[in-house]
Amino acid sequence: MAVTEREMTRAQEGDFLQLKGIDYVEFYVGNARQAAHYYRTAYGFTPLAYAGLETGVRDRCSFVLEQRTIRLVLTSALSPDSPIAEHVKLHGDGVKDIALLVDDARAAFEATVSRGARPVMEPTVLEGKKGQIVKATIATYGDTVHSFIQRGDYTGAFAPQYNRIQNPAPAPEVGFASIDHIVGNVELGKMDEWVDFYNTALGFRQLQQFTDDDISTEYSALMSKVVQNGTGRIKFPINEPAEGRRKSQIDEYLEFYRGPGAQHLALTTSDIIKTVRQLKANGVEFLRTPGAYYEDLGERIGHIDEDMTVIRDLNILVDRDDEGYLLQIFTKPLQDRPTVFIEVIQRKGARGFGNGNFKALFQAIEREQELRGNL
Ligand code: FE2
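Remember, predicted model here, so these are calculated numbers, not experimental data.

Caption draft 1: View of unusual backbone geometry. Look at Q18: it is not a glycine, yet its phi comes out positive at around 50°. Among the secondary structure elements, Q18 is positioned in the loop between helix 1 (5-14) and strand 1 (21-28). The class for Q18 is partly exposed, based on a relative accessible area of 47%. In this model, Q161 sits at a positive phi of 75°, which is unusual for a non-glycine residue. Looking at the secondary structure, you find Q161 in the loop between strand 8 (145-150) and strand 9 (163-164). Under the relative-accessibility criterion, Q161 is labelled partly exposed at 47%.

Caption draft 2: Structural view of the domain arrangement of the chain. Partitioning the chain into structural domains gives domain 1 (2-164) and domain 2 (176-372). Taking the mean C-alpha position of each, domain 1 and domain 2 sit 24 Å from one another. Taken together, the contacts link 48 residues of domain 1 with 43 residues of domain 2. Carbon and sulfur atoms make up 64% of the surface buried where domain 1 meets domain 2, a total of about 3600 Å² over both sides. The tally of links between domain 1 and domain 2 comes to zero salt bridges. For the side of domain 1 that touches domain 2, the secondary structure elements donating two or more residues are helix 1, strand 1, helix 2 (32-41), strand 4 (70-77), helix 3 (83-91), strand 5 (94-102), helix 4 (105-114) and strand 7 (131-139). Here the side of domain 1 that touches domain 2 takes five residues from helix 3, the largest share from any one element.

Analysis parameters
Residues numbered from 1 in each chain as written. Predicted model: local features only at pLDDT ≥ 70, side-chain atom pairs only at ≥ 80, totals over all residues. Heavy atoms only, no water. Helix = DSSP H or I, 4+ residues; strand = E, 2+ residues; numbered from the N terminus. Buried < 20%, exposed > 50% of the residue type's maximum accessible area, 1.4 Å probe, protein only. Domains from an automatic or database assignment. Contact = heavy atoms within 4.5 Å. Buried area = accessible area lost by both parts, 1.4 Å probe. Salt bridge = Lys/Arg side-chain N within 4 Å of Asp/Glu carboxyl O.

Next up, the structure:
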């Protein structure tokens, strides 16, 4: 997709928030201590900081974990009347906050609220021995929020009231480097509203994708649009369910999450084969790809650098667009409910999201159904 200079300028003009990236993704979970163990041993995140009773925090317990540029915060309640406990009761473990790094949290809060965002927390100064952080929060889909985080010259491990974890237990070398995109699932008919919200209130722009919408809808039972910020660094695809050949996976999510929420975090790697092998060795389970998917993969995708036999053995999916190709694979849900999961993605030029795989996967499933006489 060619971006003209004029489009670029327009994008920069509209980019009043000047977001610097995703600061962290906070999950509300039933047991942060055990979740931290899981994200370390299964997904290779290193424990960085802790907040809880020992650090003067009375109502919650949080573990911060990191891997290259990715930071996860896992938070659980210490009392039954906590809003964190309420959140977990309603949604199960899930993403609460997709926090965005800014230079000026007050300005970001005012700019977005004046453009229609619902305020959740007014700009608040968090003061500690290592400096201060300013945090302000607005609402997005469902009970999910975006906090604006202004770090200034803060030098602590994560934030005031968090202690650095000394000599953290070792994490396996998985190879995740960054967050590629975070997908939100919203109710039928709400996708365009949320696309408008990101465009209007946050200065995002819709990413034009040249796919055959009818085909992807028919096969995937979902509609998806992608919004990104001015730099293109932050990408939020928004899904809504669509009438398809089968019950929509988005409907299933909405039913079990009890409303809209973050569906998956796509994490980049520069060597998907190595990453997937290590994740499997750590016990991570992935969605199975029907063998029939690989029968015509070479024809569909053309030449790729990777060994096709290995790609097939590991169940990795491949998609191509005019700029290159991408390799991707999806984990099973991260918790008991069939809600949030992780996508592992390696981009080799392609800037899409693997839409071609919807059709290829569904056709592969149907070929297998046909073999069983069930189509
Ligand atoms: Fe994705």
